[in-house]
Protein chains: 6
Amino acid sequence: MSTVWMNQLSWLDYQRRITTDQPPVLLPVGALEQHGPHLPLGTDGLLSASVAADTAARVGGLVAPTLSYGYKSQPKCGGGQHFCGTTSVDAATLIGSVRDAVREFARHGVTQLVVVNGHYENQWFLIEGIDLGLRDAGPQTQLEVMRLEYWDFMTSATLADVFPEGFPGFALEHAAVLETSMMLHYHPSLVRLDLIPDDGPADFPPYDMYPTRTDWVPPSGVLSSAKGSSAEKGRLLAQEVAARMAQAIQSGFRPAK
Amino acid sequence: MSTVWMNQLSWLDYQRRITTDQPPVLLPVGALEQHGPHLPLGTDGLLSASVAADTAARVGGLVAPTLSYGYKSQPKCGGGQHFCGTTSVDAATLIGSVRDAVREFARHGVTQLVVVNGHYENQWFLIEGIDLGLRDAGPQTQLEVMRLEYWDFMTSATLADVFPEGFPGFALEHAAVLETSMMLHYHPSLVRLDLIPDDGPADFPPYDMYPTRTDWVPPSGVLSSAKGSSAEKGRLLAQEVAARMAQAIQSGFRPAK
Amino acid sequence: MSTVWMNQLSWLDYQRRITTDQPPVLLPVGALEQHGPHLPLGTDGLLSASVAADTAARVGGLVAPTLSYGYKSQPKCGGGQHFCGTTSVDAATLIGSVRDAVREFARHGVTQLVVVNGHYENQWFLIEGIDLGLRDAGPQTQLEVMRLEYWDFMTSATLADVFPEGFPGFALEHAAVLETSMMLHYHPSLVRLDLIPDDGPADFPPYDMYPTRTDWVPPSGVLSSAKGSSAEKGRLLAQEVAARMAQAIQSGFRPAK
Amino acid sequence: MSTVWMNQLSWLDYQRRITTDQPPVLLPVGALEQHGPHLPLGTDGLLSASVAADTAARVGGLVAPTLSYGYKSQPKCGGGQHFCGTTSVDAATLIGSVRDAVREFARHGVTQLVVVNGHYENQWFLIEGIDLGLRDAGPQTQLEVMRLEYWDFMTSATLADVFPEGFPGFALEHAAVLETSMMLHYHPSLVRLDLIPDDGPADFPPYDMYPTRTDWVPPSGVLSSAKGSSAEKGRLLAQEVAARMAQAIQSGFRPAK
Amino acid sequence: MSTVWMNQLSWLDYQRRITTDQPPVLLPVGALEQHGPHLPLGTDGLLSASVAADTAARVGGLVAPTLSYGYKSQPKCGGGQHFCGTTSVDAATLIGSVRDAVREFARHGVTQLVVVNGHYENQWFLIEGIDLGLRDAGPQTQLEVMRLEYWDFMTSATLADVFPEGFPGFALEHAAVLETSMMLHYHPSLVRLDLIPDDGPADFPPYDMYPTRTDWVPPSGVLSSAKGSSAEKGRLLAQEVAARMAQAIQSGFRPAK
Amino acid sequence: MSTVWMNQLSWLDYQRRITTDQPPVLLPVGALEQHGPHLPLGTDGLLSASVAADTAARVGGLVAPTLSYGYKSQPKCGGGQHFCGTTSVDAATLIGSVRDAVREFARHGVTQLVVVNGHYENQWFLIEGIDLGLRDAGPQTQLEVMRLEYWDFMTSATLADVFPEGFPGFALEHAAVLETSMMLHYHPSLVRLDLIPDDGPADFPPYDMYPTRTDWVPPSGVLSSAKGSSAEKGRLLAQEVAARMAQAIQSGFRPAK
């Protein structure tokens, strides 16, 4: 059975893989968060799982079940918590989920764990979860953990292709061209191109307010236009991300002892 | 769009559903746990999501993303934590995941949340998570929560059909006839009938030991034979469970105010 | 001094016992919970301490002070939290109490700790507390922990004697014949036979609702009739439980190193 | 039924008491801690429960089950954690136990809760538990909480009688004349007068060291001699404490609304 | 008394200020973290307090005591936790510190709290602390919180002046020109210009590894050269930051009710 | 550079000091708490840092940044939480701050950590933080921790000089002669002698009430008169405290291995 999905393997197949190949295990982390009228709530989890699977296929890795609920959405990167449907967890919960996963994979004998983040707001809680999980696992553990945000594997060359008029930066890339194109590549039936709003790029002050100012964010939840998205752009991005993540995994971990 | 999967809806579609229909939202909770040589690690999450989806289809409900990691496996119900591949969370993590979900769905205006448990060990931590989530939501919340273990919706009549020589009880039904049959119905490609072991019913003393005694559990991880499983039995069970869960949802919540 | 009660020993006597005999230490866990009009709020703690003491007397063990406050009462097993007088703790508190106890007994050099549960709702939080306590104690600890619910030591033969018309099952046995009879045996002055209500067996659906439906539970708090209780039945049950728990302790722990 | 022990009342009797008399509820908090060769490990819990019961009898109050495990013993007040038999809890556990109790008694409609501390090390964690419990109960709660250390109710006049050569102060009064005399009054069979050691008053520097310096504490665990203890002195002290605690309860709470 | 430092005011002066002027209260958050051979460990706390004080002077605000210990240093932004002297806190501690501060300032009647972050790694834990503090304070609170990283108030025009050869971006600006210049402006005696290392810009892969790869970071701890720093540049930066932060405070909060 | 302030050292200077001299590191802990009309809110932190610095100067030690926020003020020792300006933390936060500090200094190779407490209410949470930090650091750590309240280093001889009419005891010494005199010595510009109120000694019952009785405390917040304070008395006290703390540090730690 050649699936990359860990949850489809029996424990004996999994054990055999871990023992013989020492494959990297990829843990996608997403969110359930508004992504405008044209993308589904689960976009971040779907994309992180998809790029993880493509990467795993290239390196003989396995993909663990996605952590589907992410940290609370912030206006500047995800629109904010006031949108109906955005369903988030407190920091302690996300930290605990990752901590426990790290401790468990260490127990299995996994040596290469890759946390594949698809939701900007998750990053620092993943860091804390990994740190505490490794503290639990103790200094003797054989496990190394790589953490990445998948979009950091897009090269400027490709971004220049995707954005012929200039890449506006990752800051406002929520439910915009990158995510929409990748969803068109991976999950075209879940994209409603006809519903892409015209909301121009959001403009934020250099500070944040709490309770969040809901009027800072367009009512659609889109921070930057998704016009110009295409499946072909998504394919280019997805392939580059998977190829470069695969390379990172192959070169980034210490050689097995 | 008529999907039951919440993560495939845009936030606007979700909001429209919540506002107009007040649909029940079903939250499946599973585990990543050994299920013998013939069933995949993700069995509990796959089955709870499948019965949730079938139920949702009957009642116009939605299914939230599965909580895929469950509480630590115990020898008498899941074989125990010593199996490679079993990947579990501490109580605090599972409690927090459910607490946060309850608080968020209450914020959305959801009035009917159904926690669909597919892993025996989860039950009491789900109870605590729901209790704390409702404490957070406050006494004015419109949200009611139903919690269930899906197998409790199988009738004795159907169990008598499925076990012509007598139902041995749920106690040892881990990776045995019920789960195997339902997997044959829902996910036949993930079942390896040829690998079902002969391990007879496990025999446990009326107490538990910690650290767990790994020699209490057959090396295969199977507590009771899965021989006699069939897709047809799975279909019978699945339909009965979905039908009766649907009925429970329709009659069990208080009428909307 | 031949008392079984640890809190009545001086530390030097205790130390002598631990060092020379390595006695099992039994930790009773109860609850403060409504038990109908005829039994006292402290029933679960009183019974778990009594069976622990009887067992300790048979095996040369010691009984640590009872954890008198248990996890939140649920309608189907204890009537629910809405009863005045039921005084419960959150999961984190019960888990912490057991975790700390495990860590401390390990420090004393105790090798056999027996957690004697007398309140159904406690079980899974005891499991987590033991697991975390052993994690704290580290892999080198000499301590083994046994956890049990005392009623699981009643044989079907005895239950058949106690219930000549058939044992209705443990499910509804809250403040019913088993507990009432054992209280008549151990603490007759605290039982008001004249106040046993006629409330027939409660009938619950195969799911739970939160906030709990108080109308599912008879106003008396009794889930199944206690008629037919007697001190003699209590004596039979108590003796069997103590004898079989003693046997379990003698055979269940690993031999001392 | 005129018992003061809450756990011996049925919930209906308890409810009747709470509803009609609004009695003070006293919650004793002790410890399981070495008390020299002549006093039992449970001294703090036994004494706090005894003075609580005597006080309750005077004011028509009820005594809730004792919290029998206290905060970690410190060299200067209890000898320290290195003694075999001393069995303590982390701060979070004690705080949680009290927090939960406060929240539950508030739910019952109790208006007067008295936390009766018998273990010096507990004090500040009781304060935090009460504060958090009242935060949970919310600003509308009718519950007031009194917290006291029972020895603060001994007058200088009585202390002068008990210590004809001058009261050395509470600082070293661990397993010394006050506790020994009160145990002789309340639980004479648990005192071994013949084993009182000659250990003179311990002499501590004005700082503490961690890990604790076990050589600062006499091997017996006694910080100050218990010579001169007597049941009569215990009776005097116990009566004064109960009488003055009763007075404090009667005058210290706000009048019922 | 016209000090901006809250801890130098008596409570009566503070109360008068809060009641009459409703001044913004600025809470600086720093870190104790290696900053190369030429800057002190306390750089982040010193700078966040200094810009907070300059800003407070412009808007009639007060500066609360600095939170001097920050979240764990990461290789790419602060060099990492392996440096001797870097003294950090777990996420839960930093979150709790901010949560408590928010709750307390809300109780005082403060309406404008400004969290002034000077350590990159703190940001997301400040967000969680603010969110939980406002949850505690309840929906009726008058308090609004602004959170900012002070460097986000530097304009591109000024950065162009400071970096005549082009601004390399904030990413590697740890112990580099910006911080060194500002320290030369605010605390010149704590800067050792002669010890600025030649370490060129660090080059990091697009992922992170845990345990962190200490060889990714120059042994000096400097990620980008501080050559070209000057007090004059620091003055320019500091003045711009304070002026623009003042403006943000004056326009960013809702008008008082 | 001969500063005692750790945050003014570069990490290389700090590392050199730790490696070569193994200096004691002093961690002051204060509070932000009302201190009457004549002393500033930051008194406890300012004094603990000042005595720590004087002590460090005598023993070649270093002073880490002050923990400026202390545990919740209590009526009998600090007036209570109802005063505007008193800004306190929950127990968990203070415990965590100290726990993390202990773990970090152990990692640095520090062998002598001195926690210098200047706020009465902090004591027991410091104890817990130290205990948990050492538990984290593990039994092999070279770190020893000393914890002290600085006022315990005043001798009765000096107190007799300072209080010619007799020392009233530390109990009510909040914002009274000791603290006021020491502030006159260390921070004269922050003392308003003209505003010292006439509030006589507060008189408290032998119990505490929660919610706290604000009418137990004089409206000024002063529990005992500060009349008679002088810089000279402050100098005497400060010198004695520093001298004796220095002595304690020099003799109190175990010799280096």
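Residues numbered from 1 in each chain as written. Chains lettered and ligands numbered in written order. Predicted model: local features only at pLDDT ≥ 70, side-chain atom pairs only at ≥ 80, totals over all residues. Heavy atoms only, no water.

Turning next to the packing of helix α2 (residues 43–59) of chain D against helix α8 (residues 231–252) of chain D. Residues and elements named next belong to chain D. Contact geometry for α2 and α8: axes closest at 8 Å, N-to-C directions at 50 degrees. In this view, α2 runs oblique relative to α8, as classed from their interaxial angle. By crossing handedness, the relation of α2 to α8 is classed as right-handed. Taken together, the residues of α8 that come into contact with α2 (itself represented by Val51, Asp54, Thr55, Arg58 and Val59) are Gln239, Val241, Ala242, Ala243, Met245, Ala246, Ile249 and Gln250. A breakdown of the residues in the contact of α2 with α8 according to their chemical character gives 8 nonpolar, 3 polar and 2 charged. (Axes fitted to C-alpha atoms, helices over the stretch in contact; angles between N-to-C directions. Helix = DSSP H or I, 4+ residues; strand = E, 2+ residues; numbered from the N terminus. Parallel < 35°, antiparallel > 145°, perpendicular 65-115°, else oblique. Left-handed = near helix turned anticlockwise from the far one by under 90°. Contact = heavy atoms within 4.5 Å. Nonpolar A, V, L, I, M, F, W, Y, C, P; charged D, E, K, R; others polar.)

The next subject is the pairing of strand β4 (residues 144–149) of chain D. With 6 of 6 residues buried, β4 of chain D lies mostly within the body of the structure. Neither face of β4 of chain D is left uncovered, since the one carrying Glu144, Met146 and Leu148 of chain D and the one carrying Val145, Arg147 and Glu149 of chain D both have all their residues buried. Here strand β3 (residues 112–117) of chain D pairs with β4 of chain D via 6 bridges, running parallel. Bridging across to β4 of chain D, Leu113 of chain D finds its partner in Val145 of chain D. Read as a crossover between parallel neighbours, the route from β3 of chain D over helix α5 (residues 123–137) of chain D to β4 of chain D is right-handed. Of the pairings in the sheet, the one linking β4 of chain D to strand β5 (residues 208–210) of chain F comprises 3 bridges and is antiparallel in character. Its bridge partner being in β5 of chain F, Arg147 of chain D is matched across the sheet by Asp208 of chain F. (Buried < 20%, exposed > 50% of the residue type's maximum accessible area, 1.4 Å probe, protein only. Pairing = 2+ DSSP bridges. Right-handed = clockwise from strand over helix to strand, strands pointing away.)

Before going further, it helps to spend a moment on the confidence of the model for chain A. Considering every residue of chain A, the mean pLDDT works out to 96; 99% of them sit at 70 or more. Reported for the predicted complex are a pTM of 0.98 and an ipTM of 0.97. (pLDDT = per-residue confidence, 0-100.)

Overall, mixed pairing links the 5 strands, which are arranged β2(B)-β1(B)-β3(B)-β4(B)-β5(C) in an open sheet. For this open sheet the edge positions go to β2 (62–63) of chain B together with β5 (208–210) of chain C, each flanked by a neighbour on one side alone. Taken strand by strand, helix α4 (residues 91–108) of chain B contacts β1 (25–29), β3 (112–117) and β4 (144–149) of chain B, and its axis lies near 170 degrees from that of β1 of chain B.

Here the focus is the relation of the copies chain F and chain E. For the pair chain F and chain E, the superposition axis carries a translation of 0.0 Å, the fit reaches an RMSD of 0.0 Å, and the rotation angle comes to 180 degrees. One copy is carried onto the other by what is essentially a two-fold rotation axis. When C-alpha positions in chain F are compared against the rotation axis, the closest is assigned to Thr93 of chain F, at 2.8 Å. (Least-squares fit on C-alpha atoms with pLDDT ≥ 70 in both.)

Quick look at the packing of aromatic side chains now. Enumeration according to the criterion identifies 61 aromatic pairs over all chains in this entry. Here Trp124 of chain A and Tyr120 of chain E contribute two aromatic rings whose centre-to-centre distance is 6.1 Å and whose plane-to-plane angle is 65 degrees, an arrangement assigned as edge-to-face. With Trp124 of chain A in helix α5 (residues 123–137) and Tyr120 of chain E in the loop between β3 (112–117) and α5 (123–137), this residue pair bridges two chains. The class for Trp124 of chain A is buried, based on a relative accessible area of 5%. Plain terms: the ring middles of Trp11 of chain C and Phe83 of chain D are 4.8 Å apart, the flat faces sit at 80 degrees to each other, and that makes the pair edge-to-face. On the criterion of chain membership, the pair formed by Trp11 of chain C in helix α1 (residues 11–21) and Phe83 of chain D in the loop between α3 (75–78) and α4 (91–108) is interchain, its members lying in two chains. When sorted by exposure, Trp11 of chain C lands in the same class as Phe83 of chain D, which is buried. An aromatic cluster of at least three residues, connected via ring pairs, comprises Tyr71, Tyr120, Trp124 and Phe125 of chain A together with Tyr71, Tyr120, Trp124 and Phe125 of chain E. (Phe/Tyr/Trp six-rings, centres within 6.5 Å; stacked < 30°, edge-to-face > 60°.)

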